[in-house]
Amino acid sequence: MAKDVFDIVIIGAGPAGLFAQFYAGLRELKTALIESTARVGGQITALYPEKTILDLAAFIGIPGRDLVAKLDQQAQLVNGNTFLNSEVTDIKKTASEFSVEINHHAAIQAKSVIIATGHGSFSPRKIDVPGASEAQQAGLLAYTLPDLSQTKNQQFAVVGGGNTAIDYALELVNHGKQVHLIHRRDNFRALESSMTKLENSDLTTFVTPKKISGLTKQAGKLLIQLQDMHDDSVNTLLVDQLIAGYGFTASFETIDHWQDKPQQYQQGFLTDTAQMTTTPGLFAVGDAASHLGKSDLIISAFGEVPIAVNQAVRYFDPDRGGPQHSTAINTKEIFKHG
Ligand SMILES: Cc1cc2nc3c(=O)[nH]c(=O)nc-3n(C[C@H](O)[C@H](O)[C@H](O)COP(=O)(O)OP(=O)(O)OC[C@H]3O[C@@H](n4cnc5c(N)ncnc54)[C@H](O)[C@@H]3O)c2cc1C
C-alpha cells in the first residue's frame, strides 16, 4: 500500500462510502476507500441485492444490485484508490494526521477520515460441521470466491440457498466451472433470472434437499458428507473446493478496539451538524453516523456525504474555500476518461 498521505481515508464501501469517494473526487481530493469484504455495496450487496429500493429521489424503484453498479461506476469516474479485503483494525490520531491500520499490519496516513462502516464489519457465516476448520486451513473450504483465473478444470460445490450462494454459483458457471449447488430445501431465495440461468446451464447440478454433515480431506480433494433432509440417508460428493455462501453478519467488534474511537451514540457514532464525530477530523456518514432524529436510509447517507467531505476539507485546509456547484466543474479535467 502506498506511503503517501491521503486527504481523506473513507472506511467502508457501502452506498455512503462509494458516493463519498466520487464526491471527494469532484473536489480533486486524494482518497483511499477501504473495504473489509471482497465486494462493494455494503448491506445492499450482502443482504438484499434483488430488492427494489423505492425511497430514493428520482428513481421509480431501482433493484439493489443496479444501484450498487451505478454507484461503483460513478466512483470509478474519478481518481481514487480502492482497497478490498482490507479491514480497518485501528485508528490513531497523531499531532497532524491519522494513522489508519489495515488488517492488523500496514498503516496508511490521512489528513482526515470519513467513517462509513454502517453497523460494522461483515464477516461470513461459518459452516459448523466436523472437519470444517481443517478443510478451510487446507484451502478446500472458502467463504468467498477464489481467483477464477487460477482454477482450471476444477469441480466446485456451493452451499446455501440465498443470494450469496446463488451469486457465487452463477459467477462460477459464467467462468465455465462445474458447480454442485447444495441446499437443505428444494427452493432458493434468490433473483429469478439468476436461478433461471443456473437451471438452464449444463454446468449446474442441484443437490437438494441435503445438508452437509461432515467434511474430510481426501487426496487433495474434499469429500462432502450429505444427509438427506427427508429420509436421513447419507451420501458423499468429491469436489476440488467447497464455497460456503450462507451470507454475512455485521459486527462492531473490530471497531470497538480502535484506539481513537469516537463517542458512540445508539448504533453509530455521535455526529454534529458538520458530520464530525467527537474526534476532530474524524467524520461519519450513513448508518455509522448517529444523532437525534437520524434515519438509517440510503438517501440520508447521500445527503450527509457532501457535508462530511466539504467539512473535512475545511478541517485540513481552511483557506481552500468551496464547494462549487457541479455544473461549474470541468469533467475533462476531473473524470479519468474525460
Ligand atoms: C433488508 C434491508 C433492507 C433495506 N431496505 C432499504 C430501503 O429500501 N431503502 C433505504 O434507503 N435503506 C434500506 N436499508 C438500509 C440501507 O441498506 C442502509 O441505510 C445503507 O446500506 C447504509 O449504507 P452505509 O454505506 O452507511 O453502510 P453499509 O451499507 O452497512 O456499508 C458499510 C460497509 O463498511 C464496511 N466496513 C465495516 N467496518 C469496516 C472496517 N472496520 N473496515 C473496512 N470496512 C468496514 C462493511 O463491510 C460494509 O461494506 C435496508 C437495510 C436492510 C438490512
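Residues numbered from 1 in each chain as written. Predicted model: local features only at pLDDT ≥ 70, side-chain atom pairs only at ≥ 80, totals over all residues. Heavy atoms only, no water.

- For the protein chain, an unreviewed UniProt entry supplies the name Ferredoxin--NADP reductase and the organism Oenococcus sicerae.

Points about the UniProt feature "binding site: FAD" (unreviewed entry) in the protein chain
Consideration 1: The feature "binding site: FAD" (unreviewed entry), as annotated in UniProt, sits at Glu35, Gln43, Tyr48, Val88, Phe122, Asp287 and Thr327 in this numbering. Across 293 residues, the annotated set is spatially dispersed, with a maximum C-alpha separation of 37.1 Å.
Consideration 2: On the secondary structure map, Val88 appears in strand S6 (residues 88-93).
Consideration 3: If we skip the residues at most four places from it in the chain, Val88 touches Ile11, Ile34, Val100, Glu101, Ile102, Thr254 and Trp258.
Consideration 4: With respect to the secondary-structure elements, Asp287 resides in the loop between strand S21 (282-284) and strand S22 (289-290). (UniProt positions renumbered as here; feature names shortened; annotations may be inferred. Helix = DSSP H or I, 4+ residues; strand = E, 2+ residues; numbered from the N terminus. Contact = heavy atoms within 4.5 Å.)

Looking at the domain arrangement of the protein chain
Consideration 1: Domain boundaries assigned for the protein chain yield domain 1 (5-122 + 249-334) and domain 2 (126-246).
Consideration 2: A straight line from the C-alpha centre of domain 1 to that of domain 2 covers 34 Å.
Consideration 3: At the junction of the two partners, domain 1 supplies 6 residues and domain 2 supplies 5 residues.
Consideration 4: Buried area between domain 1 and domain 2, both sides added, is near 520 Å², and the carbon and sulfur share of it is 43%.
Consideration 5: Sorting the residues of domain 1 by area buried against domain 2 places Arg39, Glu50 and Arg65 first, and these three jointly supply 71% of that buried surface.
Consideration 6: Seen at the junction of domain 1 and domain 2, the total is 2 salt bridges.
Consideration 7: Arg39 is the salt-bridge partner of Asp167, the closest N and O atoms lying 3.6 Å from each other.
Consideration 8: One can count 0 residue pairs in polar contact (both at pLDDT 80 or more) joining domain 1 with domain 2.
Consideration 9: Split by residue class, the side of domain 1 that touches domain 2 holds 3 nonpolar, no polar and 3 charged. (Domains from an automatic or database assignment. Buried area = accessible area lost by both parts, 1.4 Å probe. Salt bridge = Lys/Arg side-chain N within 4 Å of Asp/Glu carboxyl O. Polar contact = N/O pair within 3.5 Å; in protein donor to acceptor, adjacent residues only side chain to side chain. Nonpolar A, V, L, I, M, F, W, Y, C, P; charged D, E, K, R; others polar.)

Description of the packing of helix H5 (residues 163-174) against helix H6 (residues 192-199)
Consideration 1: Relative to each other, H5 and H6 sit at 45 degrees, their axes nearing to 10 Å. By the angle class used here, H5 and H6 are oblique. Helix-helix and strand crossings are classified by hand; for H5 and H6 the assignment is left-handed. Residues Ile166, Ala169, Leu170 and Val173 of H5 form the contact with H6, whose participating residues are Ser194, Met195, Lys197 and Leu198. (Axes fitted to C-alpha atoms, helices over the stretch in contact; angles between N-to-C directions. Parallel < 35°, antiparallel > 145°, perpendicular 65-115°, else oblique. Left-handed = near helix turned anticlockwise from the far one by under 90°.)

Thoughts on the site of the ligand
Consideration 1: Every one of the 31 residues lining the ligand counts as a neighbour, but Glu35, Gln43, Tyr48, Lys51 and Asp287 are closest to it.
Consideration 2: Between the ligand and Ala16 there is a distance of 3.0 Å, counted from an oxygen atom to a backbone nitrogen or oxygen.
Consideration 3: Contact between the ligand and Val88: a nitrogen atom at 2.9 Å from a main-chain N or O atom of the residue.
Consideration 4: Broken down by element, the residue count for the shell around the ligand peaks at 3 residues, all from helix H2 (residues 42-47).
Consideration 5: For the shell around the ligand, the per-class residue count stands at 13 nonpolar, 12 polar and 6 charged. (Near = heavy atom within 4 Å.)

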